[in-house]
Amino acid sequence: MAESQLLIPLHVSYIKSLGESKDELAYHTTAHLRMNAIYWGLTALCIMGHKDALDREEMIDFVMSCWDDEAGAFGAHPDHDAHILSTLSAIQILITHDALDRVDVDRVAKFILSLQQPSGVFAGDPWGEIDTRFSYIAVNALSLLGRLSELDVEKTVAYFRQCRNFDGGFGATAGAESHSTQVFVCVAALAILDRLDEVDSDALGWWLCERQLPNGGLNGRPEKLEDVCYSFWVLSSLSILNKITWIDAEKLTKFILSAQDPEQGGIADRPGDMVDVFHTQFGVAALSLLGYPGLVDLDPVYCMPADIIERMGLRKGWKALDRRSV
């Protein structure tokens, strides 16, 4: 039977248990995601009001153990090469724990800026894979570090413009089809850069709300299955565009809650599947944007607790859905 409420104590216990399974094979085969997973777990805990469920110093020590001194940035795990994705997660973790002073900000900013390509897009690392995700990560990280003034904004925006499609959406690269995740990264980056004039708000709003399926879940693109993680990617973009009421919030809430594991905790991609910390984080994040009672307000641009972003002077005024208006 589908759950009717968010099982916060179980989800907290589930996230805490993930660091206690170091003897399991899955723990080691996911080492390349470790930094990201810590960010996902920590952010979910913050949203649920249990930031202190994980040991602060242990978390900070792990982040700093992933420092790649040759590159001047962070890898996903000790002895892994630096990558822009794990670098952003490291920055987000340290800011959440008020420990950014442990980072050589000059070197990190230099690493990030070095990854911008002649076209304006960013690569994830020096080996050159490009994607609008990496451009968003660069913009996000530089903003959090207070180094956005060093970015070639026009060059960056020009590439986002190349990735805009006839349906209002955005793709991973110029000419690629629209996808909910890519829509989020492009719209959020443009929001940080104060360039939402590049977005066809109404066309994109319609494309995003059409991602909702009869069962209430959202998909990433037409003719695909619903997935809890798209609850965040779609809702965050709608929130930035002030069109979050364009989807059926009640049906989406029920869908997310139905994907919970009522025995062990955690949230899956859809009901009946195995849970993981990625879908747990983005399910809880989506519920925050939907104004679910008892959750901490989330900033949809940075995907961090809104009070942190506000204290840094970066809050753009986005607000969660007021449930009374639904």
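The coordinates are above.
Procedures and definitions
Residues numbered from 1 in each chain as written. Predicted model: local features only at pLDDT ≥ 70, side-chain atom pairs only at ≥ 80, totals over all residues. Heavy atoms only, no water. Helix = DSSP H or I, 4+ residues; strand = E, 2+ residues; numbered from the N terminus. Rg over C-alpha atoms; globule rule 2.2 N^0.38 Å. Buried < 20%, exposed > 50% of the residue type's maximum accessible area, 1.4 Å probe, protein only. Contact = heavy atoms within 4.5 Å. Areas by Shrake-Rupley, 256 points an atom, 1.4 Å probe, with all protein chains shown as cover. Axes fitted to C-alpha atoms, helices over the stretch in contact; angles between N-to-C directions. Left-handed = near helix turned anticlockwise from the far one by under 90°. Polar contact = N/O pair within 3.5 Å; in protein donor to acceptor, adjacent residues only side chain to side chain. Phe/Tyr/Trp six-rings, centres within 6.5 Å; stacked < 30°, edge-to-face > 60°. Core = buried A, V, L, I, M, F, W, Y, C linked by side-chain atoms within 4.5 Å. Salt bridge = Lys/Arg side-chain N within 4 Å of Asp/Glu carboxyl O. Expected span 1.5 Å × (residues − 1). Disulfide = S-S within 2.5 Å.

**Examining the overall build of the protein**
And step 1. When helices and strands are tallied, the protein shows 14 helices and six strands.
And step 2. In summary, the protein has a C-alpha radius of gyration of 19 Å against a globular reference of 20 Å for 326 residues, a match within 12%.
And step 3. Dimensions along the principal axes, computed over C-alpha positions, put the protein at roughly 50 × 50 × 35 Å.
And step 4. Expressed as a percentage of the 326 residues in the protein, the buried residues total 58%.
And step 5. Across the protein, contacts joining residues at least 24 apart in sequence account for 66% of those joining residues at least 6 apart.
And step 6. Of the roughly 13,800 Å² of accessible surface on the protein, a fraction of 50% belongs to carbon and sulfur atoms.

**Thoughts on the packing of helix 3 (residues 34-47) against helix 5 (residues 84-96)**
And step 1. Packing of helix 3 against helix 5 brings their axes to within 8 Å, and their N-to-C directions diverge by 35 degrees. In this structure, helix 3 meets helix 5 at a crossing whose hand is left-handed. Counted together, Met 35, Asn 36, Ile 38, Tyr 39, Leu 42 and Cys 46 of helix 3 and Leu 85, Ser 86, Ser 89, Ala 90, Gln 92, Ile 93 and Thr 96 of helix 5 form the full contact between these two elements.

**Things to note about the environment of Asp 200**
And step 1. Along the chain, Asp 200 falls in the loop between helix 9 (180-192) and helix 10 (201-209).
And step 2. Along the primary structure Asp 200 and Gly 168 are separated by 32 residues, whereas in three dimensions their C-alpha atoms are 5.8 Å apart.
And step 3. From its side chain, Asp 200 meets the backbone nitrogen of Ala 203 in a polar contact 3.2 Å long.

**As for the side chain of Ser 89**
And step 1. Within the element layout of this structure, Ser 89 appears in helix 5.
And step 2. For Ser 89, the side chain forms a polar contact with the side chain of Asn 36, separated by 3.0 Å.
And step 3. Other than its neighbours up to four places away in sequence, Ser 89 contacts Met 35, Asn 36 and Tyr 39.

**With respect to the packing of aromatic side chains**
And step 1. Applying the stated criterion across every chain, the model contains ten aromatic pairs.
And step 2. Taking the centre distance of 5.4 Å and the plane angle of 70 degrees together, the rings of Phe 232 and Trp 233 count as edge-to-face. Trp 233 matches Phe 232 in its accessibility class, with the two residues each being buried.
And step 3. Considering the side-chain rings of Phe 232 and Phe 282, the 5.3 Å spacing of their centres and the 40 degrees angle between planes classify their relative orientation as tilted.

**Quick word on the nonpolar core**
And step 1. Residues Met 48, Ile 112, Leu 144, Leu 204 and Phe 232 are the most contacted members of the largest nonpolar core, which totals 112 residues.
And step 2. If we ignore the near neighbours within four places in the chain, the residues touching Phe 232 are Phe 184, Phe 282, Ala 285, Ala 286, Leu 289, Leu 298, Pro 300 and Cys 303.

**A closer look at unusual backbone geometry**
Glycine aside, residues mostly have negative phi, and peptide bonds are mostly found in the trans state.
And step 1. Positioned with a positive phi, Asp 98 is a non-glycine residue whose angle comes to about 55 degrees.
And step 2. Residue placement: Asp 98 occurs in the loop between helix 5 and helix 6 (105-113).
And step 3. Exposure remark for Asp 98: the relative accessible area of 67% places this residue in the exposed category.

**What about the pattern of salt bridges?**
And step 1. Under the defined criterion, the tally for this structure stands at 19 salt bridges.
And step 2. Its salt-bridge partner being Arg 56, residue Glu 57 comes within 2.5 Å of it at the nearest N-O pair.
And step 3. Glu 57 gets classed as partly exposed once you look at its relative accessible area, which sits at 35%.
And step 4. Overall, Arg 56 belongs to the partly exposed group, its relative accessible area being 32%.
And step 5. As a salt-bridge pair, Glu 198 and Arg 195 come within 2.9 Å of each other at their nearest N and O atoms. Like Arg 195, Glu 198 is buried.
And step 6. Counted as one network, the salt bridges with shared partners bring together Glu 154, Arg 161, Arg 164, Arg 195, Asp 197 and Glu 198.

**Here's the deal with the environment of Leu 33**
And step 1. Relative to the assigned elements, Leu 33 resides in the loop between helix 2 (25-29) and helix 3.
And step 2. A C-alpha to C-alpha distance of 6.0 Å links Leu 33 and Ala 76, two positions 43 residues apart in sequence.

**Some details on the side chain of Thr 43**
And step 1. Within the element layout of this structure, Thr 43 appears in helix 3.
And step 2. Ignoring anything within four residues of it in the chain, the contact list for Thr 43 reads Gln 281, Leu 298 and Cys 303.

**Remarks on helix 11 (residues 228-240)**
And step 1. Helix length check: helix 11, at 13 residues, gives a terminal C-alpha distance of 19 Å against a target of 18 Å (1.5 Å per residue), a fit within 8%.
And step 2. Most of helix 11 is tucked away, with 13 of its 13 residues classed as buried.
And step 3. Trailing helix 11 by a residue or two, Asn 242 shows a phi angle of about 60 degrees, which is positive.

**Some thoughts on the state of the cysteines**
And step 1. Evaluated as defined, the whole model comprises zero disulfides.
And step 2. The cysteine Cys 46 is free of any disulfide, with Cys 303 supplying the nearest cysteine sulfur at 11 Å.
And step 3. For the unlinked cysteine Cys 186, the closest cysteine sulfur is that of Cys 163, found at 5.7 Å.

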